[in-house]
Amino acid sequence: MKRETMRLRQKADALGGLVGDQTRLSDLDAKLAELIVENSQDRGTQTVSALRSQAFYGREMAEQREFAQNRLEFLGREIETAQMQLAQSKQKEKMLEERAAQERRLLAQDALDLADRLRPAQKIERKL
């Protein structure tokens, strides 16, 4: 039962890490989206090198955003899987706790039965 509790904690920690990663990546995706919009705004007349630079950084940000979105999709699936595993572990731990409680009740009842059998019989005297 202790092993199952440890596994449950590990799975909960892993789920927490995945959710934290997803949150940070969502923030990064939002920032990249803002930067892409900012980069694509018309700035009037520019030099050729400035246009190349703007195009290069625009492509880089678009690639990074695509990577972030793919990673977010992957993390979403991983979180769903981790949640299912955590729920299964909780269910398994609950069943183990129920079995342990049942076993304790049976052992207590057996001890009481043994004590009753070992107790000397008392004579009951009746007066007429």
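Everything numeric in this text was worked out from a predicted model, so none of it was measured.

Rules of the game
- Residues numbered from 1 in each chain as written.
- Predicted model: local features only at pLDDT ≥ 70, side-chain atom pairs only at ≥ 80, totals over all residues.
- Heavy atoms only, no water.
- Helix = DSSP H or I, 4+ residues; strand = E, 2+ residues; numbered from the N terminus.
- Rg over C-alpha atoms; globule rule 2.2 N^0.38 Å.
- Areas by Shrake-Rupley, 256 points an atom, 1.4 Å probe, with all protein chains shown as cover.
- Lys, Arg positive; Asp, Glu negative; His and termini not counted.
- Charge placed at Lys NZ, Arg CZ, Asp CG, Glu CD.
- Phe/Tyr/Trp six-rings, centres within 6.5 Å; stacked < 30°, edge-to-face > 60°.
- Buried < 20%, exposed > 50% of the residue type's maximum accessible area, 1.4 Å probe, protein only.
- Axes fitted to C-alpha atoms, helices over the stretch in contact; angles between N-to-C directions.
- Parallel < 35°, antiparallel > 145°, perpendicular 65-115°, else oblique.
- Left-handed = near helix turned anticlockwise from the far one by under 90°.
- Nonpolar A, V, L, I, M, F, W, Y, C, P; charged D, E, K, R; others polar.

S.K.: What is the right way to look at the overall build of the protein in this model?
M.R.: Counting secondary structure elements, the protein contains 2 helices and 0 strands. By the compact-globule yardstick of 14 Å for 128 residues, the protein is too spread out, its C-alpha radius of gyration being 33 Å. Structurally, the protein occupies a C-alpha span of about 125 × 25 × 15 Å along its principal axes. Total accessible area computed for the protein in this model is approximately 10,900 Å², and 54% of it derives from carbon and sulfur atoms. For the protein, the separation between the mean place of its 24 positive charges and that of its 22 negative charges on side chains is 10 Å.

S.K.: Explain the packing of aromatic side chains here, please?
M.R.: Here the distance between the centres and the angle between the planes together describe a pair of aromatic rings. Within the structure shown, the criterion is met by 1 aromatic pair. Their ring planes at 75° and their centres at 5.2 Å tell us that Phe56 and Tyr57 sit as a pair that is edge-to-face. Phe56 gets classed as partly exposed once you look at its relative accessible area, which sits at 39%.

S.K.: What should I look at first to understand the packing of helix 1 (residues 2-40) against helix 2 (residues 48-118) in this one?
M.R.: Describing two packed helices takes the angle between their axes plus the distance from one axis to the other. With their axes 7 Å apart at the nearest point, helix 1 and helix 2 run at an angle of 160° to one another. Classed by the angle they form, the pair helix 1 and helix 2 counts as roughly antiparallel. Seen from above, helix 1 lies across helix 2 with left-handed handedness. The residue makeup of the contact of helix 1 with helix 2, split by class, is 20 nonpolar, 13 polar and 10 charged.

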